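Here is what each chain is made of, one letter per residue.
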Amino acid sequence: MQSEAIDTFEASARRQRVLYTRNHPYAATVLVNRLLTGPASEKETRHLELSLGRPGIQYLPGDSAGVIPENRSEAVEEVLRLMGFTGDEPVTDFYGGALDLRKALTSWLMIGKLSSSTVRGWAKLTGNAELTALVLPKNKKNFEDFLWGREFPDLVEQYAVKLGDPQQMFKLLPRLSPRLYSISSSQALYPDTMHVSVRVVRYESYGRKRQGVCSGQLGERTPEGAVLPIFIHSNQLFRLPADMDAPVVMVGPGTGVAPFRAYLEHKEAGCGRWPMWLFFGEQRASQDFLYQDELLAWQKNGVLQRLDTAFSRDQKVKIYVQQRIREQSAELWRWLEQGAYFYVCGDSQRMAPDVEAAVLEAVAVHSGKGAEYAAEYLARMNKQKRYLKDVY
Ligand SMILES: Cc1cc2nc3c(=O)[nH]c(=O)nc-3n(C[C@H](O)[C@H](O)[C@H](O)COP(=O)(O)OP(=O)(O)OC[C@H]3O[C@@H](n4cnc5c(N)ncnc54)[C@H](O)[C@@H]3O)c2cc1C
Ligand SMILES: NC(=O)c1ccc[n+]([C@@H]2O[C@H](COP(=O)([O-])OP(=O)(O)OC[C@H]3O[C@@H](n4cnc5c(N)ncnc54)[C@H](OP(=O)(O)O)[C@@H]3O)[C@@H](O)[C@H]2O)c1
């Protein structure tokens, strides 16, 4: 793609993004919904392709898709049963629109995850002494433990109370919020579709099998042909370098690889010349090497200059991406000194800080100037917007 064409493409993407929002989503058709992980994997990670039509929604590498989920009908019916409602009761939504309670519990209200405000409201309604004590500030830790792994029906079952007015549900329950998924395709290569890579959240708690509201829906109730309400969540802070020759280092374990697949496709489409280096990590090479064929093909055809993988459970002692960074620290230092942009995507809690520590170490050692200089170096990269994170 020539630079003039790219400019037009980007301007048009900016215009289209604002057309579709959380309240006015785009109805995208699911064209592909397939497993990325192998049958023996401990995870279920899926690749979805959504049709955008023409003229449709537009996006850029680094953007995320906002997906508007619905609660499972089994969960909705359980709430109705536990609360003694039929589901046909008329209510009004947050904007005053008329609907019945079943629809409200399906599309508007968060019943799949227990919020602190719901428990506080429930404590007042029931007047239950145990709940009333639990929500006191001095019991913060116990309260957090209580919330973890519980859903709204658990609360209703444990502390039963009859609500006279179904409209009270809108006061008690937060609004069901959209979930974001990093877009894993480049529109320069796929003008009419958008891809996402979704790990289906499943766990067991309090003797019941649970699933994430949105990822569960994408995993189980979104077959090919289904329509999904989506919008674009633009992220100007996670763009490829404007300098098309600047080196790009990408660290994306698990679903963190998603935006980097989009970057690589963008380069493959001819949108830039960036030398590219990817660190990818997952549990097992045979089961969890997401997009293995594509990544290896890009390495072979020169779109991807370097690929370092860390499969944590293929040996007795876990190996994570930061270990590969440490092993390659001299080379990484060369890339950084050549003006490389450093991108991290995926887990915010453990991975991103650990990766940062490994980068600091690489700079401290190979600059020969120690830890203080490394901290300044990274602060400078941050300021220059060359150390970029999209973590969750
Ligand atoms: C910018 C951004 C980009 C993202 N990109 C991606 C992506 O590319 N791919 C992707 O898969 N996800 C991505 N996510 C995460 C995604 O948005 C959702 O948060 C994720 O899919 C979970 O949503 P859910 O509705 O399925 O789960 P929810 O219904 O929201 O449930 C998740 C909740 O379940 C509870 N829970 C989870 N595990 C356990 C457990 N073991 N025990 C007890 N409780 C538990 C926790 O309270 C957790 O917060 C991204 C997030 C952001 C912010
Ligand atoms: N809000 C949600 O409920 C939700 C839903 C989906 C995803 N997520 C988050 O999205 C992120 C990606 O999830 P994912 O399942 O695709 O991948 P992931 O959990 O990040 O796992 C990918 C790889 O990273 C490894 N890893 C674990 N700890 C690490 C660390 N400190 N440093 C570097 N690597 C580490 C894992 O190893 P081991 O597993 O062998 O330790 C695995 O090999 C995670 O943060 C996850 O919590 C959140």
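Preceding this paragraph is the structure being described.
Scope of this entry: the structure provided in the associated data block. (Residues numbered from 1 in each chain as written. Chains lettered and ligands numbered in written order. Predicted model: local features only at pLDDT ≥ 70, side-chain atom pairs only at ≥ 80, totals over all residues. Heavy atoms only, no water.)

A tally of regular secondary structure across the chain gives 16 helices and 15 strands. Computed over its C-alpha atoms, the radius of gyration of the chain comes to 24 Å, within 12% of the 21 Å expected for a compact globule of 392 residues. Each of the three principal axes of the chain carries a C-alpha extent, and together these read 70 × 50 × 40 Å. Burial status across the chain gives 53% buried among its 392 residues. (Helix = DSSP H or I, 4+ residues; strand = E, 2+ residues; numbered from the N terminus. Rg over C-alpha atoms; globule rule 2.2 N^0.38 Å. Buried < 20%, exposed > 50% of the residue type's maximum accessible area, 1.4 Å probe, protein only.)

The subject of this paragraph is the sheet that holds strand β6 (residues 179-182). Overall, antiparallel pairing links the 6 strands, which are arranged β6-β3-β10-β1-β2-β7 in an open sheet. Only two strands of the sheet have a single neighbouring strand rather than two, namely β6 and β7 (193-199). Within the sheet, the average angular offset between the axes of one strand and its neighbour, ignoring direction, is 40°. Across 4 bridges, the pairing between strand β3 (residues 64-67) and strand β10 (residues 227-233) is antiparallel. The partner of glycine 66 across the bridge, within β10, is phenylalanine 231. Helix α9 (residues 213-220) rests against β1 (26-35), β2 (45-51), β3, β6, β7 and β10 of the sheet, and its axis sits at about 60° to β6. (Pairing = 2+ DSSP bridges. Axes fitted to C-alpha atoms, helices over the stretch in contact; angles between N-to-C directions. Contact = heavy atoms within 4.5 Å.)

Here the focus is the site of ligand 1. For ligand 1, the set of nearby residues contains 19 residues, the closest of which are Arg179, Leu180, Tyr181, Cys214 and Ser215. At 2.8 Å, a backbone N or O of arginine 199 approaches an oxygen atom of ligand 1. The side chain of serine 215 places a nitrogen or oxygen atom 2.5 Å from an oxygen atom of ligand 1. Calculation on ligand 1 without its partners gives an accessible area of 980 Å², and the protein chains cover 76% of this total. Residue assignment for the shell around ligand 1 shows that the elements contributing at least two residues are β6, β7 and α9. Of the residues that constitute the shell around ligand 1, the class distribution is 9 nonpolar, 6 polar and 4 charged. Inspection of the shell around ligand 1 shows a minimum of three residues originating in each of domain 1 (3-69 + 179-234) and domain 2 (73-172). (Near = heavy atom within 4 Å. Polar contact = N/O pair within 3.5 Å; in protein donor to acceptor, adjacent residues only side chain to side chain. Areas by Shrake-Rupley, 256 points an atom, 1.4 Å probe, with all protein chains shown as cover. Nonpolar A, V, L, I, M, F, W, Y, C, P; charged D, E, K, R; others polar. Domains from an automatic or database assignment.)

There is about 340 Å³ of room inside the second largest pocket. Ranked by residue count, the leading element in the lining of the second largest pocket is β10, at 3 residues. Three or more residues apiece are contributed to the lining of the second largest pocket by two domains, here domain 1 (3-69 + 179-234) and domain 2 (73-172). (1 Å grid on protein atoms, 1.4 Å probe; cavity = no way out; pocket = protein on both sides within 12 Å on 5 of 7 lines; lining within 4 Å. Points joined across faces, edges and corners; volume = space filled by probe spheres on them.)

Core analysis: the largest hydrophobic core is formed by 33 residues, its most contacted members being Leu105, Phe152 and Met169. Looking at this core, the elements that each hand over two or more residues are α2 (73-83), α3 (101-107), α4 (116-126), α5 (129-134), α6 (140-147), α7 (152-158) and α8 (169-172). Apart from residues lying up to four places away in sequence, leucine 105 is in contact with Asn71, Val76, Val79, Leu80, Ile111, Met169 and Leu173. If you look at the next biggest cluster of nonpolar residues, it comprises 29 residues, including Val249, Trp277, Val344 and Val355. (Core = buried A, V, L, I, M, F, W, Y, C linked by side-chain atoms within 4.5 Å.)

Before going further, it helps to examine the site of ligand 2. Within the structure, ligand 2 sits among 19 residues, and Arg199, Thr255, Ser312, Arg313 and Tyr320 are positioned closest to it. Arginine 313 is positioned with one of its side-chain polar atoms (N or O) 2.7 Å from an oxygen atom of ligand 2. Between ligand 2 and the protein, one listed contact pairs a nitrogen atom with a side-chain N or O atom of glutamine 322 at 3.0 Å. When isolated, ligand 2 has an accessible area of 880 Å², and the protein chains bury 79% of it. At the level of elements, β12 (276-282) and α15 (351-367) are the ones that each hand at least two residues to the shell around ligand 2.

With that settled, consider the side chain of histidine 195. Mapped onto the secondary structure, histidine 195 falls in strand β7. A polar contact is formed between the side chain of histidine 195 and the side chain of arginine 261, at a distance of 3.1 Å. When residues no more than four places from it in sequence are discounted, the contact partners of histidine 195 are His47, Leu48, Glu49, Ser182, Ile183, Ser184, Ser185, Tyr190 and Arg261.

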